[in-house]
Amino acid sequence: MDANNTIRPAPALKPTRIRGSRRVADRTLRLACLLATVLGAVVLGSILLMLIIEGARGFSPLLFTQPTPGPGSEGGGIANAILGSLVLTGIGILVATPIGLMAGTYLAEYGRGSKLAEVIRFLNDILLSAPSILIGLFVYTLMVRPMGSYSGWAGGVALAIIATPVIVRTTEDMLRLVPGTLREAGVALGAPMSTVIRSVTWRAASAGIVTGIILALARIAGETAPLLFTALNNNSWFSRDLMGGVANLPVMIYQFALSPYPNWQQLAWAGALLITMTILLLSVVARVVIKPQTAR
Amino acid sequence: MTALTEQIALTRSGTSTRSRKGPSKGLDALFRAASYGSALLVLVVLAGILGSILYGGWPAFREFGFGFLTSSAWNIGTEQYGALVAVTGTLASALLALVIGVPISLGIAIYLTQLCPGWARKPVGMTIELLAAVPSIIYGMWGLFIFAPFFARFVQMPVSNVVEGLPIVGTLLYARVPSGVGVLTAGIILAIMIVPFVASIARDMLDQIPTILRESAYGIGCTTWEVVRHVLLPQASVSIIGAIMLGLGRALGETMAVTFVVGNANRLSASVFDPGSTIASRIANEFNEADGLQLNSLMALGCILFAITFVVLIIARFLTRRVKVA
């Protein structure tokens, strides 16, 4: 790529040889492209600045020890929402990882070239960009209505449905990068297919697969829409069986940010800062993990 | 299918040699079955999503028939529901997002692949990618608390004052209550949200174009604009349209950010400054308090959203794949 940088539209040409209109068009394009990029950076900067200014004001150790306060009462923290988010995301990723890993393995190894794999790959791409609120409606019909109550389990399953296609896709892509000769070498040693997959191809693609899981984690950690009708929210510590509303950061932020109480708004900002920083950190980590993979 | 049977043959011949340490035939088959089952689960889940919202929305479709699509009513007291306002709001905000977002995305992609100095390429690319990682609820808060007041003061009020009383633009761009929230605000926030996606796909596509094509164009004295316009964009056009379709799919189904800034009014207005609502924002707002026919109508709205996004995503998928194969 670096070689391309040296290629420039011959600046040595005398300006007279380029008609004015061409030069104007060229300048305009360069300026417009630069402006578009600056605009993107300014928006990101503005979002981070807003979060840091508003969020830091409400930051205190109490955030991590106190549960969310009831309407109109003073003080409080977001400890229950933090714990709830950890539990929900944990359930989501624990359910999604084995399913996504195995499905991705099917697409890249067993089903390679088959019609069924083609269809599933297609539908997985659809599921990957399906509106997350529809997944919320699905899990509501599947779990909340029959069980008669909102629950953390339903929230976890909704998040798992969002995380799975991400893991399927990255796993498949990474397994495809593993050279076929490695598999052939494994099979030639007399190892069954499952052993070859587990100890040769998975191992060769491990960094990429882990990246996929981290990306899926970053994706579901901030998801709000599918939790609205499944885990809902709760202003106290949730019960240990995760039945009833389970407090979680995204829905807490949604409800508190639009509330009339100043201390609720303050908590929403603190939660927003916490969750955004966590997700940005996860995304950066995912990119660092993938580096040795692409360099190979 | 032939590939499948080959794989099975490979597996069989592998295990039929004298048993070594390692999984038995049973475990090998189990592993294969688990992998097959997980893949089928993807299919089942997608069918489940469609089935559940169809099942939930069916009573509303039966009650209102085709009129559900053309009615703009949404009256909880008289139990009259129609999809027109929400569908219009969804399409309008998503199209506005494309109109605003696509030129910016292409600009960023062109800057990153053609103009950016080598040392800045990584950090700038990373910044744009991080924009994609910010959760949608944060965009909603930014839109409502930072962007909307700014937008009301510096865009809505001056523009409304100028266009007041004029034909066409006077209705299209007139804000009755310049609060900053509305369909256009939703479109702008959605544009910001789809930019990183469209830009990163477009960047990958531009990167895939053989360098020799660009070099040849520069070699005959083309300016950067001419190279982009006549060489790069035609080469990547199909996949860029695919990327735009992917962005459209996201914009149509985006929920939280839109719920914050769209205004959530059930009113059909000709002005893009007026509050409206989208399918997703209406479901998010009302679902938890809804029951009976209202719940069914919300589910029916979900069906319409599913149908629209499904079509858009299928088009996107075909366009982006066609290039990959070629």
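Just so you know, these numbers come straight off a predicted model, no measurement behind them.

Once that is clear, we can look at the overall build of chain A. Looking only at helices and strands, chain A features 12 helices and 0 strands. Its helices and strands taken in sequence order, chain A reads α-α-α-α-α-α-α-α-α-α-α-α from the N to the C terminus. Its C-alpha radius of gyration of 25 Å places chain A more than 25% over the 19 Å reference for a compact globule of 296 residues. The C-alpha extent of chain A, read off along each of the three principal axes, is 75 × 65 × 35 Å. Contacts in chain A between residues at least 24 apart in sequence constitute 74% of all its contacts with a sequence separation of at least 6. On chain A, the mean spot of the 23 positive side-chain charges and the mean spot of the 12 negative ones are 12 Å from each other.

Let's shift gears to the pattern of salt bridges. Residue and element names in this part refer to chain A. Within this structure, the stated rule accounts for 14 salt bridges over all chains. Measuring nitrogen to oxygen at the nearest pair gives 3.9 Å for the salt bridge that ties Arg-57 to Glu-54. Of this pair, Arg-57 and Glu-54 both sit in helix 2 (residues 20–57), 3 residues apart, which is roughly one turn of that helix. Residue Arg-169 pairs with Asp-173 through a salt bridge whose shortest N-O separation is 3.5 Å. In this pair, Arg-169 and Asp-173 are both assigned in helix 6 (residues 152–177), 4 residues apart and thus about one turn of the helix distant.

Now for unusual backbone geometry. With a phi angle near 55°, Leu232(A) is a residue other than glycine that sits in the positive phi range. One non-glycine residue with positive phi stands out, namely Asn264(B), at about 50°. Residue placement: Asn264(B) occurs in the loop between helix 11 (256–261) and helix 12 (279–286).

Further remarks concern the nonpolar core. Judged by nonpolar contacts, the single largest core of 178 residues is most densely connected at Ile133(A), Ile138(B), Tyr139(B) and Phe287(B). Setting aside residues up to four positions removed in sequence, Ile133(A) forms contacts with Ala225(A), Phe229(A), Thr255(B), Ala280(B), Ile283(B), Ala284(B) and Leu305(B). Core analysis: the second largest hydrophobic core is formed by 6 residues, Ala36(A), Ile108(B), Leu112(B) and Ile128(B) among them.

Another point: the packing of aromatic side chains. Residues and elements named next belong to chain B. On inspection of all chains with the given rule, the structure shows 20 aromatic pairs over all chains. Both rings, one in Phe-306 and one in Phe-310, keep their centres 5.5 Å apart while their planes meet at 15°; by these two values the pair is stacked. Of the two residues, Phe-306 and Phe-310 are both situated in helix 13 (residues 293–325); the distance of 4 residues between them amounts to about one turn of the helix. Judged by relative accessible area, which is 8%, Phe-306 ranks as buried. Assessed through its relative accessible area of 25%, Phe-310 is described here as partly exposed. Feature note: the residues Trp-142, Phe-147, Phe-150, Phe-151, Phe-154 and Phe-273 constitute an aromatic cluster, connected by ring pairs. A cation over an aromatic ring shows up here: Arg-282 above the ring of Trp-74, its NZ or CZ 4.5 Å from the ring centre.

Moving on to helix 12 of chain B. In terms of burial, helix 12 of chain B is largely enclosed, as 7 of its 8 residues are buried. For helix 12 of chain B, every residue scored as buried is listed here: Ile279(B), Ala280(B), Ser281(B), Arg282(B), Ile283(B), Ala284(B) and Glu286(B).

Once that is clear, we can look at the UniProt feature "transmembrane region" (unreviewed entry) in chain B. Residue and element names in this part refer to chain B. Taken from the UniProt record, the annotation "transmembrane region" (unreviewed entry) applies to residues 40–61, 81–112, 124–148, 181–202 and 298–319. For the annotated span residues 81–112, helix accounts for 91% and strand for 3% of the residues, and the straight-line distance between the end C-alpha atoms is 48 Å. The span residues 298–319 is 100% helical and 0% strand by assignment, and the distance between its end C-alpha atoms comes to 32 Å.

This part is about the UniProt feature "transmembrane region" (unreviewed entry) in chain A. All names here are of chain A. Under the local residue numbering, the UniProt record ascribes the feature "transmembrane region" (unreviewed entry) to residues 29–53, 78–101, 122–144, 150–168, 200–221 and 267–290. The annotated region residues 29–53 carries 100% helix and 0% strand content, and the separation between its end C-alpha atoms amounts to 36 Å. Overall, residues 200–221 shows 95% helix and 0% strand. The separation of its end C-alpha atoms is 31 Å.

Next up on the list: the interface of chain A and chain B. Residue-level contacts link 90 residues of chain A with 96 residues of chain B. When the two sides are added together, the surface that chain A and chain B hide from each other amounts to roughly 8500 Å², 75% of it contributed by carbon and sulfur. The interface formed by chain A and chain B holds 3 salt bridges in total. With a shortest N-O distance of 2.5 Å, Arg317(B) and Asp125(A) are connected by a salt bridge. Summed over the shared surface of chain A and chain B, the result is 13 residue pairs in polar contact (both at pLDDT 80 or more).

Turning next to the UniProt feature "domain: ABC transmembrane type-1" (unreviewed entry) in chain A. UniProt's entry tags residues 82–286 of chain A with the feature "domain: ABC transmembrane type-1" (unreviewed entry), counted in the numbering of this structure. Span residues 82–286 of chain A is 79% helix and 0% strand, its end C-alpha atoms 22 Å apart.

For the rest of this paragraph, the subject is the packing of helix 2 of chain A against helix 4 (residues 84–115) of chain B. Between helix 2 of chain A and helix 4 of chain B, the least distance of the axes is 8 Å, while the angle of their chain directions is 105°. Viewed along their axes, helix 2 of chain A and helix 4 of chain B adopt a mutual orientation that is roughly perpendicular. Counted together, Arg30(A), Cys33(A), Leu34(A), Ala36(A), Thr37(A) and Leu39(A) of helix 2 of chain A and Ile104(B), Gly107(B), Ile108(B), Ile110(B), Tyr111(B) and Leu115(B) of helix 4 of chain B form the full contact between these two elements. Along the lines of polarity and charge, the residues of the contact of helix 2 of chain A with helix 4 of chain B split into 9 nonpolar, 2 polar and 1 charged.

Turning our attention to the environment of Gly242(B). Residue and element names in this part refer to chain B. Along the chain, Gly-242 falls in helix 10 (residues 224–253). According to the relative accessible area criterion, Gly-242 is buried, its value standing at 0%. Aside from chain neighbours lying at most four places away, what touches Gly-242 is Ala-316, Leu-319 and Thr-320.

Our next topic: a nonpolar patch on the surface. Together, Leu34(A), Val38(A) and Val42(A) give the surface a local cluster of nonpolar side chains, amounting to about 230 Å² of exposed area. With respect to the helices, strands and loops of the structure, Val38(A) is situated in helix 2.

Following both chains from N to C, one finds helix 3 (residues 79–110) of chain A and helix 2 (residues 25–64) of chain B inclined at 105°, their axes separated by 7 Å at the closest point. Our classification of the angle between helix 3 of chain A and helix 2 of chain B gives roughly perpendicular. On helix 2 of chain B, the residues touching Ile99(A), Met102(A), Ala103(A), Thr105(A), Tyr106(A) and Tyr110(A) of helix 3 of chain A are Phe31(B), Arg32(B), Ala34(B), Ser35(B), Tyr36(B), Ser38(B), Ala39(B) and Leu41(B).

This paragraph deals with the environment of Gly92(A). Residue and element names in this part refer to chain A. Checked against the element boundaries, Gly-92 lands in helix 3. On the accessibility criterion, Gly-92 (0% relative accessible area) is buried. A sequence separation of 63 residues divides Gly-92 from Gly-155, and the C-alpha atoms of the two residues are 8.1 Å apart. Setting aside chain neighbours within four positions, we find Gly-92 in contact with Gly-156, Leu-159, Ala-160 and Ile-220.

This part is about the confidence of the model for chain B. Residue and element names in this part refer to chain B. Residue-level pLDDT values for chain B average 84, and 90% of them are 70 or greater. Below a pLDDT of 50 lies the segment residues 322–326, which in the model reaches 4 contacts outside its immediate sequence neighbourhood of four places, other chains included. Scoring the predicted complex yields pTM 0.87 and, for the interface, ipTM 0.86.

All names here are of chain A. Taking 1.5 Å as the rise per residue, helix 5 (residues 132–147) with 16 residues should run 22 Å; its terminal C-alpha atoms sit 22 Å apart, in good agreement. At Tyr-140, helix 5 is bent by approximately 45°, the largest bend along its length. Among the 16 residues of helix 5, 12 are classified as buried, and the element is accordingly described as predominantly covered. Along helix 5, the residues that are buried comprise Ser-132, Ile-133, Leu-134, Ile-135, Gly-136, Leu-137, Phe-138, Val-139, Tyr-140, Thr-141, Met-143 and Val-144. Of the residues flanking the end of helix 5, it is Gly-148, one or two places downstream, whose phi is positive at about 80°.

Cut-offs and rules
Residues numbered from 1 in each chain as written. Chains lettered and ligands numbered in written order. Predicted model: local features only at pLDDT ≥ 70, side-chain atom pairs only at ≥ 80, totals over all residues. Heavy atoms only, no water. Helix = DSSP H or I, 4+ residues; strand = E, 2+ residues; numbered from the N terminus. Rg over C-alpha atoms; globule rule 2.2 N^0.38 Å. Contact = heavy atoms within 4.5 Å. Lys, Arg positive; Asp, Glu negative; His and termini not counted. Charge placed at Lys NZ, Arg CZ, Asp CG, Glu CD. Salt bridge = Lys/Arg side-chain N within 4 Å of Asp/Glu carboxyl O. Core = buried A, V, L, I, M, F, W, Y, C linked by side-chain atoms within 4.5 Å. Buried < 20%, exposed > 50% of the residue type's maximum accessible area, 1.4 Å probe, protein only. Phe/Tyr/Trp six-rings, centres within 6.5 Å; stacked < 30°, edge-to-face > 60°. Lys NZ or Arg CZ within 6 Å of the ring centre and 35° of its normal. UniProt positions renumbered as here; feature names shortened; annotations may be inferred. Buried area = accessible area lost by both parts, 1.4 Å probe. Polar contact = N/O pair within 3.5 Å; in protein donor to acceptor, adjacent residues only side chain to side chain. Axes fitted to C-alpha atoms, helices over the stretch in contact; angles between N-to-C directions. Parallel < 35°, antiparallel > 145°, perpendicular 65-115°, else oblique. Nonpolar A, V, L, I, M, F, W, Y, C, P; charged D, E, K, R; others polar. Patch = residues over 30% accessible without salt bridge, like charges linked within 9 Å, V, L, I, M, F, W, Y side chains within 5 Å. Areas by Shrake-Rupley, 256 points an atom, 1.4 Å probe, with all protein chains shown as cover. pLDDT = per-residue confidence, 0-100. Expected span 1.5 Å × (residues − 1). Bend = angle between axes of the 7 residues up to and from the residue.

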